[in-house]
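Spelled out, the chains give:
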Amino acid sequence: MVHQPHVARTRRNFGVKQEVVRLWLLGGFRMSIGSRAVEPDRWRLTKAENLIKLLALAPRHRLHRERVMEALWPDIDAKHASNNLHRTIHFARGVLQSEGADVGSNYLALRKDMLELCPDGPIWIDVEAFEKAAATARMSGEPVAFRAAISLYAGELVPENLYEEWAYERRESLRYLYKALLVELGVLYEERGEYEKGIQTLRSAVAQEPTDEDAHAELMRLYALSGRRLEALRQYERLRKTLTDELDVHPTGASLRLY
């Protein structure tokens, strides 16, 4: 695909300073532009809100218009989907613009066939902050860095879009990353002999993913190391019952050997 030169754009307002856009997608959608919170009731058109979410999750915050149409209107023909997209873009720009300043196109640009969110202005997204903090924690190996990353996970990705296909894989990936950070932090606490902190952390990991045998095994180990042998055995029984009830399987890995 041949892209238009950088100067070929939709109508833009270059004299207006673009304020930082902040997007929260974990635990529920929120948005602010500078000091102005975008009130939830302004998103009367759900597809406009979903368009912003799609672009926020996309690499470099940009997607081809056909990809957007496939995600938002998978069951209608291309002509009607295109009409819907233009109407949705217009509505979303109206939500994003400031009072008395038509700058919505600066925040949501359509350059040839590519839709871009904040192409020329600052943007902060909690998902990216969480993933970056997770990478930093793993590089440092320090509990404080792990706690900082874990604190950024406010809940599942856009739970209000629970049945949207475009959100499913990323939601599961983020859930797995959050659970993995908890287990890794628990292991760090074990290595440092801080067993009680490790126990509390691994309880959170087990609550996040009750069928994760490795998390249960690490929790059992910490109970045993802290002299709570009976609690370790009880944890195994909780795991066994959960696996039997939910997956119709039995423990087979480290938890069984530890038991």
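Structure: see above.
About the cut-offs
- Residues numbered from 1 in each chain as written.
- Predicted model: local features only at pLDDT ≥ 70, side-chain atom pairs only at ≥ 80, totals over all residues.
- Heavy atoms only, no water.
- Salt bridge = Lys/Arg side-chain N within 4 Å of Asp/Glu carboxyl O.
- Helix = DSSP H or I, 4+ residues; strand = E, 2+ residues; numbered from the N terminus.
- Buried < 20%, exposed > 50% of the residue type's maximum accessible area, 1.4 Å probe, protein only.
- Phe/Tyr/Trp six-rings, centres within 6.5 Å; stacked < 30°, edge-to-face > 60°.
- Lys NZ or Arg CZ within 6 Å of the ring centre and 35° of its normal.
- Core = buried A, V, L, I, M, F, W, Y, C linked by side-chain atoms within 4.5 Å.
- Contact = heavy atoms within 4.5 Å.
- Pairing = 2+ DSSP bridges.
- Axes fitted to C-alpha atoms, helices over the stretch in contact; angles between N-to-C directions.
- Parallel < 35°, antiparallel > 145°, perpendicular 65-115°, else oblique.
- Nonpolar A, V, L, I, M, F, W, Y, C, P; charged D, E, K, R; others polar.

Novice: Would you explain the pattern of salt bridges in this entry?
Specialist: Any two side chains of opposite charge can pair if their charged atoms end up close together. Following the criterion strictly, the structure yields 20 salt bridges and no others. A salt bridge links Glu231 to Arg234, with the shortest nitrogen-to-oxygen separation between them at 3.8 Å. In this pair, Glu231 and Arg234 both sit in helix 10 (residues 229-247), three residues apart, roughly one turn of the helix. Of the charged contacts in the structure, one is a salt bridge between Glu237 and Arg240, with a shortest N-O distance of 2.9 Å. On the criterion of helical spacing, the pair formed by Glu237 and Arg240 is a turn pair, its members being three residues apart in helix 10. Look at Glu237 and you get partly exposed, because its relative accessible area is 31%. A residue is classified by how much of its surface remains accessible, and Arg240, at 33% relative accessible area, is partly exposed. Overlapping salt bridges, with partners in common, bring together Arg62, Arg111, Glu116 and Asp120 in one network.

Novice: Would you take a moment to explain unusual backbone geometry for this structure?
Specialist: Across residues other than glycine, the phi torsion is negative in most instances, and most of the peptide bonds are trans. Although it is not a glycine, Cys118 sits at a positive phi angle of roughly 50°. As for its position among the elements, Cys118 is in the loop between strand 6 (114-117) and strand 7 (123-125). The phi angle at Asp248 is positive, at roughly 55°, despite the residue not being glycine.

Novice: Mind showing me how you'd approach the packing of aromatic side chains here?
Specialist: The geometry of two aromatic rings is summed up by the distance between their centres and the angle between their planes. In this structure the tally under the stated criterion is five aromatic pairs. Between the aromatic rings of Tyr236 and Tyr259, the centroid separation amounts to 4.1 Å while the plane-to-plane angle is 20°, which identifies the pairing as stacked. With Tyr236 in helix 10 and Tyr259 in the segment after helix 11 (254-258), the pair connects residues that are 23 residues apart, well separated along the chain. Given a relative accessible area of 47%, Tyr259 falls into the partly exposed group. Three or more aromatic residues joined by ring pairs make a cluster, and in this case those are Phe130, Tyr153 and Tyr178. Looking at Arg30, its charged tip hangs above the ring of Trp24, at a distance of 4.3 Å from the centre.

Novice: Can you walk me through the nonpolar core in this structure?
Specialist: Nonpolar side chains in soluble globular proteins tend to be buried together. Residues Leu23, Leu25, Met31, Trp43, Ile52, Leu108 and Leu115 are the most contacted members of the largest nonpolar core, which totals 70 residues. With 11 residues, the top contributor of residues to this core is helix 7 (residues 165-191). In this view, Leu23 contacts Phe29, Arg30, Met31, Ile52, Ala56, Leu117, Ile123, Trp124, Ile125 and Asp126; residues no more than four positions away in its chain are not counted.

Novice: Help me out: how do you make sense of the sheet that holds strand 4 (residues 62-64) in this one?
Specialist: Two strands in a sheet stick together by hydrogen bonds in their backbones, pointing the same way (parallel) or opposite ways (antiparallel). Taken in spatial order, the three strands line up as 4-6-5 in an open sheet, and their pairing is antiparallel. The sheet terminates laterally at strand 4 and strand 5 (108-111), the two strands that pair on one side only. Between one strand axis and the next, the sheet turns by 20° as a mean value, whatever way the strands run. Relative to strand 6, strand 4 is paired through three bridges, and the arrangement is antiparallel. Looking at strand 6, one finds that Arg62 is bridged to Glu116. Its contacts with the sheet put helix 1 (residues 46-57) on strand 4, strand 5 and strand 6, and the angle it makes with strand 6 is roughly 85°. Against the sheet, helix 3 (residues 78-96) engages strand 5 and strand 6, with an angle of about 145° to strand 5.

Novice: Got a minute to help me understand the sheet that holds strand 3 (residues 36-37) in this structure?
Specialist: The strand order across the open sheet built from four strands is 3-2-1-7, with neighbouring strands paired in mixed fashion. The open sheet has two edge strands with one neighbour each: strand 3 and strand 7. In this structure, strand 1 (residues 21-24) lies alongside strand 2 (residues 30-33), joined through four bridges in antiparallel fashion. Bridging across to strand 2, Val21 finds its partner in Ile33. Packed on one face of the sheet, helix 5 (residues 126-140) meets strand 1 and strand 7 and runs near 70° to strand 7.

Novice: How should I be thinking about the packing of helix 1 against helix 3 in this particular structure?
Specialist: When two helices pack together, their arrangement is given by the angle between the helix axes and the distance between those axes. With their axes 9 Å apart at the nearest point, helix 1 and helix 3 run at an angle of 80° to one another. Accordingly, the angle class assigned to the pair helix 1 and helix 3 is roughly perpendicular. Contacts between helix 1 and helix 3 pair Lys47, Ala48, Leu51 and Ile52 from the former with Thr88, Ile89, Phe91, Ala92 and Leu96 from the latter. Residue composition of the contact of helix 1 with helix 3, by class: seven nonpolar, one polar and one charged.

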